[in-house]
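Chain residues, written in single-letter form:
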Amino acid sequence: MIDPSAAVVDEVIDTRRHLHAHPEVSFEEFETSRLINSRLGEIGVEVGLCPTDTGAIGVLQGGRPGRTVLVRADIDALPILEESGVDFASRTEGRMHACGHDGHTAILLGVARTLAERAEDLPGRYVFLFQPAEEIISGAREMLARGVLERYPADVAVGLHLGSWLPSGMVVTRPGLLWAGCDAFELTISGPGGHGGMMGRRGNVISAQAFFLERLQTIVEGLEADGARCHTTVGQVMTDGFFNIVPRRATLRGTVRTFTPELRAEALDRLRGLMLETDTEFNVSSQVEVVFETVPLRNEPGVTSTVLEVGREVVGEKCSVLGSPLTVSDDVAEFLTRIPGCYFQLGAMPPDAEEPPAHHSPTFRIDEAALAVGVKVLVNSAVRLANLNRS
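Residues numbered from 1 in each chain as written. Predicted model: local features only at pLDDT ≥ 70, side-chain atom pairs only at ≥ 80, totals over all residues. Heavy atoms only, no water.

A. Highlighting the pattern of salt bridges. In total, this model carries 22 salt bridges according to the counting rule given. Here Glu31 and Arg34 are joined by a salt bridge, their closest N and O atoms 2.5 Å apart. You can see Glu31 and its partner Arg34 sitting in helix H2 (residues 30-42), 3 residues apart, about one turn around the helix. With relative accessibility at 47%, the residue Glu31 sits in the partly exposed group. Under the relative-accessibility criterion, Arg34 is labelled partly exposed at 49%. (Salt bridge = Lys/Arg side-chain N within 4 Å of Asp/Glu carboxyl O. Helix = DSSP H or I, 4+ residues; strand = E, 2+ residues; numbered from the N terminus. Buried < 20%, exposed > 50% of the residue type's maximum accessible area, 1.4 Å probe, protein only.)

Here it is in structure tokens:
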């Protein structure tokens, strides 16, 4: 069992705090990428050619024969005004690492340093992939479209996601279906607009969007897989109206989360049916566009078995198998459709929190003690997976 040194753990925490204070949103992670490349160079990891404008690639060759393991982390922040109260809060107004990607990036740099310190004794080859734009589920597809796996082919993949809803240091995953696929949609309802004192139901896009929102959950009723229900929600509603102005357009942005191609097709078909019902009821016109999308996240059972084995050795009974999939999404799934791999959740609930700090909220925060666990589980999982004698 390889343990990260105390110096590595301290550096991981310092790096995470620096990144937290300097968040950058999807496809704007330029300074973050420069920091990653600088750190990789400092520790003797080859800095690869990243196919996207942001993101980074590191490559480490072990001293013994073995497989190539891709270890992935996402690097982007969210357009949120931070209210966490931490000393190292965001210095960029309206930008925040509110999902733990700063921790993921810092952990992977700690993994790279830990492995680089003993490269001659390691089997295989390690590709450290720092992916941009996970929050708009676009970075993975962009990297793949630009040939990242052709330039850096891998035999197996592994990665993690911090979870503030889980006890700190807990390792949780499952073979097979883990997380949902996601379709991020933008729906526009159009009408004639008019005077607030004279506008009724007909052509009223505000009334129409309320009607649509009230019924949105019906598009996923009865749709489930492995004991988990599909999900949909809207996170943004926009109009150009005013107190006494009924606008000509209302725009809604949201997501549909499903677990199979069949469930996805059914949910999107129901979405279009609800749009038609809304148009007919209010004499408006609706259009929808799927802006971003990613596939469901599936773990390969053999790789997952190895990760769970390592997890049990590191945290004992705090390592467990998730009972059913979750309706969150992550475009690491795009890599896992091409490379057998495992994604796991690492608990990071702060010990002083009365309730788990919600991901994607202004008050999100984590227990930094979990970061050392993440480094250790990823390091040892990667080394075992690189070993040619393991399945």
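B. Region of interest: the packing of helix H1 (residues 6-21) against helix H3 (residues 101-116). Two numbers describe how H1 lies on H3: the axes approach to 8 Å, and their chain directions differ by 150 degrees. Between H1 and H3, the interaxial angle falls into the category roughly antiparallel. Pair H1 / H3 crosses with right-handed handedness. Residues Val8, Glu11, Val12, Thr15, Arg16, Leu19 and His20 of H1 pack against Asp102, Gly103, Thr105, Ala106, Ile107, Leu109, Gly110, Arg113 and Thr114 of H3. For the contact of H1 with H3, the residue count by class is 6 nonpolar, 6 polar and 4 charged. (Axes fitted to C-alpha atoms, helices over the stretch in contact; angles between N-to-C directions. Parallel < 35°, antiparallel > 145°, perpendicular 65-115°, else oblique. Left-handed = near helix turned anticlockwise from the far one by under 90°. Contact = heavy atoms within 4.5 Å. Nonpolar A, V, L, I, M, F, W, Y, C, P; charged D, E, K, R; others polar.)

C. Representation of the packing of aromatic side chains within the structure. Across all of its chains, the model carries 3 aromatic pairs by this definition. Between Phe211 and Phe282, the ring centres sit 5.3 Å apart and the planes meet at 65 degrees, which makes this aromatic pair edge-to-face. Taken together, the residues span a long stretch of sequence, with Phe211 in helix H6 (residues 205-215) and Phe282 in helix H7 (residues 261-282) at a distance of 71 residues. For the pair Phe211 and Phe282, a shared accessibility class is recorded, and that class is buried. (Phe/Tyr/Trp six-rings, centres within 6.5 Å; stacked < 30°, edge-to-face > 60°.)

D. Local environment of the sheet that holds strand S12 (residues 231-239). In spatial order, the strands read S12-S14-S8-S15; together these 4 strands make up an open sheet with antiparallel pairing. Each edge of the open sheet is held by one strand with a lone partner, namely S12 and strand S15 (285-294). Each strand of the sheet is rotated relative to its neighbour by a mean of 20 degrees, with strand direction disregarded. Pairing of strand S8 (residues 181-190) with S15, which is carried by 9 bridges, proceeds in the antiparallel orientation. Within the sheet, the bridge partner assigned to Ile189 lies in S15 and is Ser286. Sitting on the sheet, H6 is in contact with S8, S12 and strand S14 (249-258), with an inclination near 10 degrees to S14. (Pairing = 2+ DSSP bridges.)

E. Quick look at the sheet that holds strand S2 (residues 56-61). Pairing within the open sheet is mixed, and its 8 strands lie in the order S1-S2-S4-S3-S5-S18-S6-S17. On the outer flanks of this sheet lie strand S1 (46-47) and strand S17 (319-321), each paired with one strand and no other. Where strand S3 (residues 64-74) meets strand S4 (residues 123-131), 8 bridges bridge the pair, whose relative direction is parallel. Across the sheet, the residue bridging to Leu70 is Val127, located in S4. Docked against the sheet, H2 engages S1, S2 and S4, running at close to 15 degrees with respect to S2. Lying over the sheet, H3 contacts S2, S3, S4, strand S5 (156-167) and strand S18 (341-349), oriented at roughly 155 degrees with respect to S4.

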